[in-house]
Amino acid sequence: MRQLRAWLMRLKGVFLKDGRERDLAEELESHLQLHIDDNIRAGMSPQEARRVALIKLGGLEQTKEAYRDRATIPLVESVVQDLRFTLRQLRKNPAFTIAATAMVALGIGASVAIFAFVDVALIKPLPYHNPSRLVYVTETTPQVPRAALSYPDYLDWKKFNTVFDSMDVYNQRGFVVSTSAGMEMIDGARVSAGFFRTLGVSPLLGRDFSAGEDLPEAPRTLILSYAAWQKRFGGKQEIIGRPITLDETPYNIVGVLPSDFHFAPVENAEFWTTLNPGGGCFLRRSCHSLNGIARLKDGVSLQAAFADVTRIARDLEAQYPDSNRNQGARLEPLASLIVGDVKPILLLLLAGAGLLLLIACINVASLLLVRYETRKRELAVRRALGATRARLIRQFVIEALVIVVVGSLAGLLSSQWAMYLLKGLIPTDMLAGMPYLNDLGLNSRVLIFAMAVVGFATALFSLTPVFRLANLDVREGMAEGERGTAGKVWSRIGSKLVIVELATAMVLLVGAGLLGKSFYRLLQVDAGFETKHLITMHVRAPLSAYGDDDKAVALGRRLVTKIKGLPGVTSAALADTLPLTFNGNTDWIRFVGRAYNGEHNEVNERAVSSDYFATLQAKLLRGRTFTDSEDKTKPKVVVINQALARKYFSGEDPIGQRFGDIDVDPKSIKEIIGVVSDIREGPLDSEIWPAYYDAFNQSPDTSYSVVVRTSQADESLIPTVADAIRAIDSRINISSQTTMAARANNAPTVYLRRSSTWLVAGFAAVALLLGVVGLYGVIAYSVSQRTREIGVRIALGAQRRTVYRLILKEAGALALTGIVIGTGCAIVVASLMRKLLFGTAPWDLTTLICVAAVLGGSALLASFLPARRAATVDPMSALRAE
Amino acid sequence: MVSAKTEIWQGTLALMILKTLETLGPLHGYGVARRIEQISGDKLCLNYGTLYPSLLKLEQEGWIVSEWGVSENNRKAKYYKLTRSGRKQLEREAKEWNQTTAIVARFFAPTEGQS
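Bear in mind the structure is a predicted one, so any value in this text is a computation, not a measurement.

The rules we used
Residues numbered from 1 in each chain as written. Chains lettered and ligands numbered in written order. Predicted model: local features only at pLDDT ≥ 70, side-chain atom pairs only at ≥ 80, totals over all residues. Helix = DSSP H or I, 4+ residues; strand = E, 2+ residues; numbered from the N terminus. Buried ≥ 20, exposed ≤ 12 C-beta atoms within 10 Å, placed from the backbone. Contact = placed C-beta atoms within 7 Å. Rg over C-alpha atoms; globule rule 2.2 N^0.38 Å. Domains from an automatic or database assignment. Nonpolar A, V, L, I, M, F, W, Y, C, P; charged D, E, K, R; others polar. Pairing = 2+ DSSP bridges. Axes fitted to C-alpha atoms, helices over the stretch in contact; angles between N-to-C directions. Parallel < 35°, antiparallel > 145°, perpendicular 65-115°, else oblique. Left-handed = near helix turned anticlockwise from the far one by under 90°. pLDDT = per-residue confidence, 0-100.

A word on the overall build of chain B. The helix and strand inventory of chain B stands at 4 helices and 3 strands. Going from the N terminus to the C terminus, chain B shows its helices and strands as α-β-α-α-β-β-α. Counting the 115 residues in chain B, one finds 29% classified as buried. The contacts of chain B with a sequence gap of at least 6 include a subset with a gap of at least 24, amounting to 46%.

A count of helical and extended segments in chain A gives 30 helices and 22 strands. Against the globule reference of 29 Å for 882 residues, chain A gives a C-alpha radius of gyration of 38 Å, more extended than a compact globule. Buried positions account for 40% of the 882 residues belonging to chain A. Restricting the contact set of chain A to residue pairs at least 6 apart, pairs at least 24 apart contribute 84%.

Here we take up the domain arrangement of chain A. Residues and elements named next belong to chain A. Partitioning chain A into domains gives domain 1 (2-72), domain 2 (74-127 + 342-482), domain 3 (148-326), domain 4 (485-527 + 741-882) and domain 5 (542-731). The centre of domain 3, based on its C-alpha atoms, is set 30 Å off from the matching centre of domain 5. Within the residue set of the side of domain 3 that touches domain 5, elements represented by two or more residues are strand 4 (182-191) and helix 11 (321-324). Along the lines of polarity and charge, the residues of the side of domain 3 that touches domain 5 split into 2 nonpolar, 2 polar and 3 charged.

It is worth spelling out the environment of A:Ala102 at this point. Residues and elements named next belong to chain A. Among the secondary structure elements, Ala102 is positioned in helix 6 (residues 94-123). Judged by the 15 C-beta atoms lying within 10 Å of it, Ala102 is partly exposed. Spatially, the C-alpha atoms of Ala102 and Gly407 are 6.3 Å apart, while their sequence positions differ by 305 residues.

Within the open sheet, the 3 strands sit side by side as 1-3-2 (chain B). Their pairing is antiparallel. In the strand order of this sheet, the two ends are held by strand 1 (27-28) and strand 2 (64-70) of chain B, each with one partner. Relative to strand 3 (residues 76-82) of chain B, strand 1 of chain B is paired through 2 bridges, and the arrangement is antiparallel. Opposite B:His28, over in strand 3 of chain B, you have B:Tyr79 as the bridge partner. In this fold helix 2 (residues 17-41) of chain A packs onto strand 1 and strand 3 of chain B, with an angle of close to 100° to the strand it touches most, strand 3 of chain B.

Residues and elements named next belong to chain A. Sheet topology places strand 5 (residues 205-206) next to strand 8 (residues 249-256); 2 bridges connect them, and they run antiparallel. Across the sheet, the residue bridging to Gly206 is Gly255, located in strand 8. Relative to strand 8, strand 6 (residues 221-224) runs parallel, the two being bridged by 4 bridges. Directly across from Leu222, in strand 8, lies its bridge partner Ile253. Sheet topology places strand 7 (residues 243-246) next to strand 8; 4 bridges connect them, and they run antiparallel.

Okay, the packing of helix 21 (residues 549-564) of chain A against helix 24 (residues 718-728) of chain A next. Residue and element names in this part refer to chain A. Two numbers describe how helix 21 lies on helix 24: the axes approach to 10 Å, and their chain directions differ by 140°. Overall, the two elements helix 21 and helix 24 adopt an arrangement that is oblique. You can see that helix 21 and helix 24 cross each other, and the crossing is right-handed. In this structure, helix 21 contributes Arg558, Leu559, Lys562 and Ile563 to the contact, and helix 24 contributes Val721, Ala724, Ile725 and Ile728. Classifying every residue of the contact of helix 21 with helix 24 gives 6 nonpolar, no polar and 2 charged.

In this section: the interface of chain A and chain B. Taken together, the contact pairs 22 residues of chain A with 20 residues of chain B. Sorting elements by how many residues they give to the side of chain A that touches chain B places helix 2 of chain A first, with 7 residues. When its residues are assigned to classes, the side of chain A that touches chain B shows 7 nonpolar, 8 polar and 7 charged.

A few words now on the confidence of the model for chain B. Residue and element names in this part refer to chain B. Here chain B shows a mean pLDDT of 82. Residues at 70 or above account for 87%. Counted against residues more than four places away or in other chains, residues 1-5, with its pLDDT under 50, gives 0 contacts. Across the interfaces of the predicted complex, the ipTM metric reaches 0.84, alongside a pTM of 0.76.

Another aspect to go through is the pairing of strand 2 of chain B. Residues and elements named next belong to chain B. Pairing geometry for strand 2 and strand 3, over 7 bridges, is antiparallel. Counterpart to Ser66 in the pairing with strand 3 is Tyr80. Hairpin connection, strand 2 to strand 3: the antiparallel pair is bridged by 5 residues, and Asn74 has positive phi, about 65°.

Bringing the environment of A:Arg50 into the picture now. Structurally, A:Arg50 can be placed in helix 3 (residues 46-57). For A:Arg50 and A:Ile40, which are 10 residues apart along the polypeptide, the C-alpha to C-alpha distance reads 9.0 Å.

Residue and element names in this part refer to chain A. Relative orientation of the contacting elements helix 7 (residues 151-160) and helix 10 (residues 302-319) amounts to 130°, with a least axis distance of 10 Å. Judged by the angle between their axes, helix 7 and helix 10 are oblique. The handedness of the crossing between helix 7 and helix 10 comes out as right-handed. From helix 7, Asp153, Asp156, Trp157 and Phe160 reach across to helix 10, where they touch Val309, Ile312 and Leu316. The residue makeup of the contact of helix 7 with helix 10, split by class, is 5 nonpolar, no polar and 2 charged.

What follows deals with unusual backbone geometry. A negative phi angle is the norm for most residues apart from glycine, just as the trans form is the norm for most peptide bonds. All names here are of chain A. With a phi angle near 45°, Asn130 is a residue other than glycine that sits in the positive phi range. Within the fold, Asn130 resides in the loop between helix 6 and strand 1 (134-140). In this structure, Ser736 is a non-glycine residue whose phi angle is positive, near 50°. Along the chain, Ser736 falls in strand 22 (residues 733-739). According to the C-beta neighbour criterion, Ser736 is partly exposed, with 13 such atoms within 10 Å.

Before going further, it helps to spend a moment on the environment of B:Gln89. Along the chain, the position of B:Gln89 falls in helix 4 (residues 84-108). Separated by 74 residues in the primary sequence, B:Gln89 and B:Leu15 have C-alpha atoms spaced 9.3 Å apart.

Structure follows, in structure tokens:
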């Protein structure tokens, strides 16, 4: 305790030097006076008295030294001295200080912000028990990599597998609930009873679903998400056991999920209910509507599990050839389903930020080197006066630390800001699919990463001059002053660093160029219809009122007629699935009058109303489209897309041909009446699948999208259209009100590409700037070193042009080397990110040439300024300057 | 073992300082030095300067406090005063010192016949 007190006093002493020294001096002075007085009283002469007193006191300086050592902590004191010296040096050189700290801040800010995203998405474990043992289970077909499970298949997989501790299924589903805001559609999910147990999640409140509650006859139960509990029920405890009506069916609330629970595949589901499979789809092995999750048994590898479910799939294929032909199994870690899409992009961005950090660090290191060169003389003097090498090294380490600490504090602050900015740029729809981003922030892992970066930068910055210090020759340093061999040595190291910078900038620029070109290509993709001036919204009519087919058809007709009558609307139509959504909702078809060997001709199936193609402005290539009067009373008719015609009717006229389901059940037979141009049903970067369109009136539903073509401004008409629909029946729920252009623009594929392109382009622009500034630094330094030589040359009659050439040649060689090395690296890097490219080769020549031209041009500009200074050197003053 | 020696010396010097302050009350550095010399019967000849780091150490540890004052012959001087914890510390150290010297003394005492 006493020791600690003494240490603290001494530490305090480090900072209170001046007052203490004065105090001691006064005390010793008074000591001497007292002693002299005594001596005089004892009869000595004043001179003698003073002499004796001084002798008795002992060495004054030793006393002061011993006192000082006791008053402070010597090591700390000299470090503080160095620190003060460094701060003074940095203050005297504001341009250097600001440039260096800003570059460190930029590099650290960008890389920490991106790392924080990588951390929440890829490093932080999912909020389930032992999440690495969870797998995502689906079927797979040659056309659909992740095909949903059918209910009978799920039951068989669950029963016959030997590799899962448990297996459960879920599917996404919205529920219409009567709230104070009218009929509201609320996101939800249906799960089998063991779903939460498989994930290893227990409810915060109430209970989990119990076994058997997911059977058809069981009473309906419901578990709330934490957010729904807070938002809709005010977080009241007594909610458990309360009844609630969803989709006109009574449910009982049995539990509430914990606040940190999220399950990205069903986005922001608020209501979780049991599956309770009714009839219809759940009875048929060919109706695929469920997604599976399973927990691997201890010691079972993913491969072993895959082999086991593949065996089951093959057995089922043999047993049920009609429905299960080519239905394989697919297993993947659950994490890859949740973050699989963003993983390559995040890694790309992390690599980009890392390269930026590298360039920033190299720039700062070379600035430090230049500083070192200009301080050579000072260092040589200090060395000659007896400073140890360790002491000089410590000086550099402290200088590096000051720059890095200040820079990284600024960097950390700006990274916090960048994180929220970046997160804010993600469209809400997509954010719902990334619940893990809620934890974004400076957590301990991110801070450890930041510390590692800081450590690396400090080491780099302090070691570069230290490395040079090793062969500091005192004599040479003092004699040489500012010019000579040492300068040349620096130019050599500095120019190597610049080559690395330029090559790195080249890699980033090429990356940005390729991504930009891919994005451009993506936007050039023909959607197959006119996306401008198109309003879309989803409607859901109550089943009790419109469940009957005739009533549903009547409602559809009323909707279309009413909307068409609105001012500003040109046409309107209905579709069960909108274009640019997904490929899927498929049907297996079999052509009448053709040989059949059980293959699955899998094609997209869409139900659309009569004006659909006209409203989308898709081209009718052959035959005709539906009429409004073609309903259940008329023979079934379909319109096919070009892809279907090409695949199954090459060289034939498809009009008048017929097809049905795989049993060619007479009730399923449909006649082809027209061919339309391909409408892209899936995202812009997906393939076009064969598709056929049913007449809505022959296959009506109560839940579908409305598509409205407007003559002018589309967005402003959205409320008018919604009001018109509500005027028909206020119980109709309307959701997803937007325009087709906005849908296309905010589609995940477009968004991810656009944002990664902008970010990488931003990194590349900064890298270009830093690289060019670095080149400028080297050339300018070299010119300043050679002023005398250039003066001599000019005095001896060299032309200005020759001088220009001399300098530009030096710069050109550096830039060219950087560009060549950079091109090589860029092609390698681009091959690694091939997955992210669209319609663009990694070695895309135009991109490479453009980037090289940009980089070369900027380099030329950067070296032109020092070259002009060299060429305008006045020989007289250059020679006299020495 | 120079350091061990100095440590012992410093410890002893500290004890002497504390005892001096206890006996004479608040006193300046010069007075303490003179007193130590006098008590030792001029057998201990010390450079007065070495006293000051020791005084500082005692002050840092909280055994004594210092204050500027005026000496009897009207000179400005820094006075040191024993604190309460310093007094206790002195008691403890004095006891330890007595025990130690007693033990050491036994070793050097003329051997008596053992019974």
